[in-house]
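# Coordinate inspection notes
Given next are the chains, with one letter for each unit.
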Amino acid sequence: MALTAAEKRRNWTPYLLLAPMLLWLLMFFLAPMVTLLMGSLQSGSFTEGFNFTFEVSNYVNAIVAYWPWFLRSIGYALVATLCALLIAYPLAYMIVFKAGRWKYILLVLVVAPLFASFLVRTLAWTTILADEGVVVGTLRSLHILSPDQWLLATPVSVIAGLTYNFLPFMTLPIYVSLDRIDKRLIEAATDLYASGFRAFRRVTLPLSLPGIVSGMLLVFIPAAGDFVNAQLLGSVETQMIGNVIESQYLRALDYPMASALSVILIVLIIGLVTFSMRRSRADELL
Amino acid sequence: MTEVITAESEGLKQATALPGEGDLDLRGLVKRYGKNTVVDHLDLTIPSGQLFALLGPSGCGKTTTLRMVAGLEHPDEGQIHLSGTDITQLRTFRRPVNTVFQSYALFPHLTIFENVAFGLRERRKKDIKAKVSRILETVELQAMAHRKPAQLSGGQQQRVALARALVNEPQVLLLDEPLGALDMKLRRQMQYQIKQIQNELGLTFLHVTHDQEEAMTMADKIAVMNNGRIEQMGAPEELYESPRTAFVANFLGSSNLLEGEVRGTDGDVVVTEVVGQQVRVPKDRVHSAHQSVFVGVRPEKIHVVEHGTAPDPSENEISGIVLDSSFIGIGTEYVVTVAGSFEPMKAFVQNRSAGARLAPGTPVSLRWQIPFTFALDGHEDPHAGEGSAVGPATGHISVDADEMSARAKHGPRK
Ligand SMILES: Nc1ncnc2c1ncn2[C@@H]1O[C@H](COP(=O)(O)OP(=O)(O)O)[C@@H](O)[C@H]1O
Ligand SMILES: [Mg+2]
């Protein structure tokens, strides 16, 4: 029996509905990834041209030459993520539970830095952390820093920059998850003999875990691949893998090496995230 | 820190082991939100071991009162005593009371078992597993122990909330409209079950509801609350049979309230004049300091006879003309106009005798036993508490609603 026109159309409907989604995946995810992978397996030079030769040695060279940069990036990103969490959680908690009518003003202030460009904000920190600046001056007068120590161009300043720049991405998801908590649950906990701290520990904190996990991902992932903070606030010794990739692309013009480094970074991040999600069984929370 | 709490609440518990010692005493409680006085010098004693209902219309301050007992709200004035100990300043988590919240407030991230075990764990109790299992059995939820609250039906969640509070054996269990979200049939079932549990455990239950029928079926004692004050307190029959205020008379069931004047006394009855006819009221059922009164009688106490039937001296009688009658299955509701009264009277007659309904226009006598008559302060609003009652027992509330709209057209009498 021949299909009527209407029936044919019906068979195609699911695919038509999925098409925009598939196209989106193809354009913004699959295409760049494939290009990157192909690029990382090429050989040749910028002047003589690159050829696809399935050059796996690019990866070996990348790891052998740059593993310290990978380690440093992961380390800095982890520390920055933890610092951001330690700042963002109390901040979000205060906005949700203590701010009263200031709630929305504070929330705007949290995202306000995002209105200024990333570059401008980071440059501002070079002034703040400068040797003649307020922070160093204060720390020196408190004898936390000796007169021959400084902050700029140290790991401290790079991590501070990362923490600062990605802080809103930690604060917002935590704010949302805290704000969503039914306040009556906390009352129920205190009614069931939990002190304020115990109620936080057994109700508020577990219910805000989804926010913590998303916040940590949203900070860790871009921080691990960042190069602006290391470039503007760091020194040669504090370079991150992002700086290496950037210079391989733009200065050494060694595209295969840059691509291989990028792929390794992506795999490393995905691996770390999956591993820690498994370990903390955080996937159950999301 | 937790040890201190445990010791304290244990201490309170032991002090109240004696019978009659566990009374909850609210003295002159006041709570204001801004200019709005929500609880207004409230005095109330809830005797130990009783199922006590706090009944009142929505917004009268029931939840606020309960929250002050739980410690979730701090009173502006007054004290709360439990077994003679002042607990007004005691922090919520140190009070030996537990609440069944209106919204249940189950912890969504914990299993049913852990929800119920919450209070026991906080107080570092022993045999948690056995205690939780036992209480889950009582509410018939053993099989659900490892589920999360979201996987349960509304009725099951309600029972978890009950178990979670009960397992702690509080001195007072506070229930804030615990059955409000359930459908009629389930609500009936739970009313029975809660009463059953209360009987078995012998704990003090303070049950808040706006459903007069629920309060009357469940409670040993009821306090009727209105505008942040207690209007009247007593056993359900007492409140129903002898209301002291128009609010109580109308909020619990419905009442005929007719303007009258006290004319004198005759032995242990007070003689009043209502629409030109004599109505006798037992002395102990007159709650008015004035000459002008509202004389009241419940519609179902009245029998309707055709005019001219021989009078009975043990009965009061008012004559009128049938305005309307409606058949409601188990009975017939008559609306009778009474000469000299703007308000018609209602009579609810059970369909026990054969024979046709009395047709509109028939002259009739409304008669009822003298002891069923009560008299209220004539300066009250005779419509207080009307229309706020919920859950018609026999169906005459729906007639009230019609009447309300009729009254709205004519405006209030006073
Ligand atoms: N936190 C609050 N702030 C302001 N007004 C409140 C607050 N809680 C309750 N009220 C008001 O107090 C009155 C009594 O509330 P409630 O005790 O919840 O009444 P009920 O439980 O009897 O329905 C209501 O008019 C309500 O609007
Ligand atoms: Mg309420």
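Note that the structure is a prediction, hence the values are computed from the model and not measured. (Residues numbered from 1 in each chain as written. Chains lettered and ligands numbered in written order. Predicted model: local features only at pLDDT ≥ 70, side-chain atom pairs only at ≥ 80, totals over all residues. Heavy atoms only, no water.)

Summing up its helical and strand segments, chain B has 10 helices and 21 strands in all. Here chain B holds 414 residues, and 55% of them are scored as buried. Taking as baseline every contact in chain B between residues at least 6 positions apart, the subset at least 24 positions apart corresponds to 69%. For chain B, the accessible surface area stands at approximately 18,000 Å², while carbon and sulfur atoms represent 51% of it. (Helix = DSSP H or I, 4+ residues; strand = E, 2+ residues; numbered from the N terminus. Buried < 20%, exposed > 50% of the residue type's maximum accessible area, 1.4 Å probe, protein only. Contact = heavy atoms within 4.5 Å. Areas by Shrake-Rupley, 256 points an atom, 1.4 Å probe, with all protein chains shown as cover.)

Our next topic: the site of ligand 1. All names here are of chain B. What surrounds ligand 1 is the set Tyr33, Val38, Pro57, Ser58, Gly59, Cys60, Gly61, Lys62, Thr63 and Thr64. Summarising the interface, the protein chains cover 57% of the accessible area of ligand 1, which totals 560 Å² for the free molecule. Element by element, the count of residues in the shell around ligand 1 is highest for helix α2 (residues 62-70), at three residues. Its residues assigned to classes, the shell around ligand 1 shows four nonpolar, five polar and one charged. (Near = heavy atom within 4 Å. Nonpolar A, V, L, I, M, F, W, Y, C, P; charged D, E, K, R; others polar.)

What follows covers empty space enclosed by the protein. Residue and element names in this part refer to chain B. The full count for this structure, using the stated rule, is two cavities of 30 Å³ or more. Estimates place the volume of the second largest cavity at around 40 Å³. What lines the second largest cavity is simply Met184, Arg187, Arg188, Gln191, Asp211, Glu213 and Glu214. For the lining of the second largest cavity, the leading source of residues is helix α6 (residues 184-201), giving four residues. Of the residues contributing to the lining of the second largest cavity, the split by class is one nonpolar, one polar and five charged. (1 Å grid on protein atoms, 1.4 Å probe; cavity = no way out; pocket = protein on both sides within 12 Å on 5 of 7 lines; lining within 4 Å. Points joined across faces, edges and corners; volume = space filled by probe spheres on them.)

It is worth spelling out the interface of chain A and chain B at this point. Listed as interface residues are 16 residues of chain A and, on the opposing side, 26 residues of chain B. Interface area, chain A with chain B, both sides summed: about 2,000 Å², of which 60% is carbon and sulfur. Joining chain A to chain B, the criterion identifies four salt bridges. Note that A:Arg202 is salt-bridged to B:Glu114, the shortest N-O span being 4.0 Å. The set of elements that each furnish at least two residues to the side of chain A that touches chain B consists of α7 (183-191) and α8 (196-224) of chain A. Here the side of chain A that touches chain B gets seven residues from one element, more than from any other, and that element is α7(A). For the side of chain A that touches chain B, the residue count by class is nine nonpolar, two polar and five charged. (Buried area = accessible area lost by both parts, 1.4 Å probe. Salt bridge = Lys/Arg side-chain N within 4 Å of Asp/Glu carboxyl O.)

Among the structural elements, B:Thr99 can be located in strand β6 (residues 97-100). With near-sequence residues (within four places) excluded, B:Thr99 lies in contact with A:Asp191, B:Ala70, B:Ala165 and B:Leu174.

With that settled, the discussion passes to the pairing of strand β3 (residues 51-55) of chain B. All names here are of chain B. Of all five residues making up β3, five are buried, and the element is well covered by its neighbours. By the alternation rule, side chains of β3 split into Leu51, Ala53 and Leu55 and Phe52 and Leu54, which are all buried. Direction of pairing for β3 relative to strand β8 (residues 204-209): parallel, over a ladder of five bridges. Looking across to β8, one finds that leucine 54 is bridged to valine 208. (Pairing = 2+ DSSP bridges.)

A few words on the confidence of the model for chain A. Per-residue pLDDT for chain A has a mean of 91; in total, 94% of the residues score no lower than 70. Mean pLDDT across the elements of chain A bottoms out in helix α1 (residues 5-40) of chain A (84) and peaks in α7(A) (97). (pLDDT = per-residue confidence, 0-100.)

A few words now on the sheet that holds β8(B). All names here are of chain B. One open sheet accounts for six strands, arranged β6-β7-β8-β3-β9-β10; its pairing is mixed. A strand with exactly one partner marks an edge of an open sheet, and here the two such strands are β6 and β10 (229-234). Direction aside, neighbouring strands of the sheet carry axes that sit 20 degrees apart on average. As paired elements, strand β9 (residues 221-226) and β10 share five bridges and run antiparallel to each other. Bridged to isoleucine 222 within β10 is glycine 234. On the sheet, helix α5 (residues 154-166) packs against β6, β7 (172-176) and β8 and is oriented at approximately 180 degrees with respect to β6. (Axes fitted to C-alpha atoms, helices over the stretch in contact; angles between N-to-C directions.)

Even without being glycine, A:His143 reaches a positive phi, approximately 60 degrees. As for its position among the elements, A:His143 is in the loop between α5 (134-141) and α6 (155-179). On the basis of relative accessibility, which here comes to 71%, the residue A:His143 falls in the exposed class. Phi is positive for B:Asn227, which is not a glycine, with a value near 50 degrees. Within the fold, B:Asn227 resides in the loop between β9 and β10. Since its relative accessible area comes to 59%, B:Asn227 is described here as exposed.

Once that is clear, we can look at the nonpolar core. Formed by 90 residues in total, the largest nonpolar core has its most connected members in A:Ile174, A:Leu261, B:Leu24, B:Phe107 and B:Leu206. Apart from the residues within four sequence positions on either side, A:Leu261 is in contact with A:Ala62, A:Tyr66, A:Phe70, A:Ile241, A:Val244, A:Ile245 and A:Gln248. Of all hydrophobic cores here, the second largest spans 35 residues; its members include B:Ile112, B:Ile135, B:Leu162 and B:Met218. (Core = buried A, V, L, I, M, F, W, Y, C linked by side-chain atoms within 4.5 Å.)

Residues and elements named next belong to chain A. The contact between α8 and helix α11 (residues 255-280) brings their axes to 11 Å, and the two run at 160 degrees. In terms of their interaxial angle, α8 and α11 are classed as roughly antiparallel. Between α8 and α11 the crossing geometry is right-handed. When α8 is examined against α11, the residues Val213, Leu217, Phe220, Ile221 and Ala224 are found in contact with a partner set consisting of Leu265, Ile269, Leu272, Val273 and Met277. Per-class residue counts for the contact of α8 with α11 are 10 nonpolar, no polar and no charged. (Parallel < 35°, antiparallel > 145°, perpendicular 65-115°, else oblique. Left-handed = near helix turned anticlockwise from the far one by under 90°.)

One pass over the structure, following the stated rule, counts 15 aromatic pairs over all chains. Here A:Tyr93 and A:Phe200 contribute two aromatic rings whose centre-to-centre distance is 5.7 Å and whose plane-to-plane angle is 80 degrees, an arrangement assigned as edge-to-face. Here A:Tyr93 is found in helix α2 (residues 57-97), whereas its partner A:Phe200 is found in helix α8, with 107 residues between them in sequence. For A:Tyr93, a relative accessible area of 25% gives the class partly exposed. Chaining the aromatic ring pairs together yields one cluster made of A:Phe46, A:Phe50, A:Tyr249 and A:Tyr255. The lysine or arginine in question, B:Arg298, covers the ring of B:Tyr240, its NZ or CZ lying 3.9 Å from the ring centre. When the ring centre of B:Phe372 is taken as reference, the NZ or CZ atom of B:Lys301 above it lies at 4.9 Å. (Phe/Tyr/Trp six-rings, centres within 6.5 Å; stacked < 30°, edge-to-face > 60°. Lys NZ or Arg CZ within 6 Å of the ring centre and 35° of its normal.)

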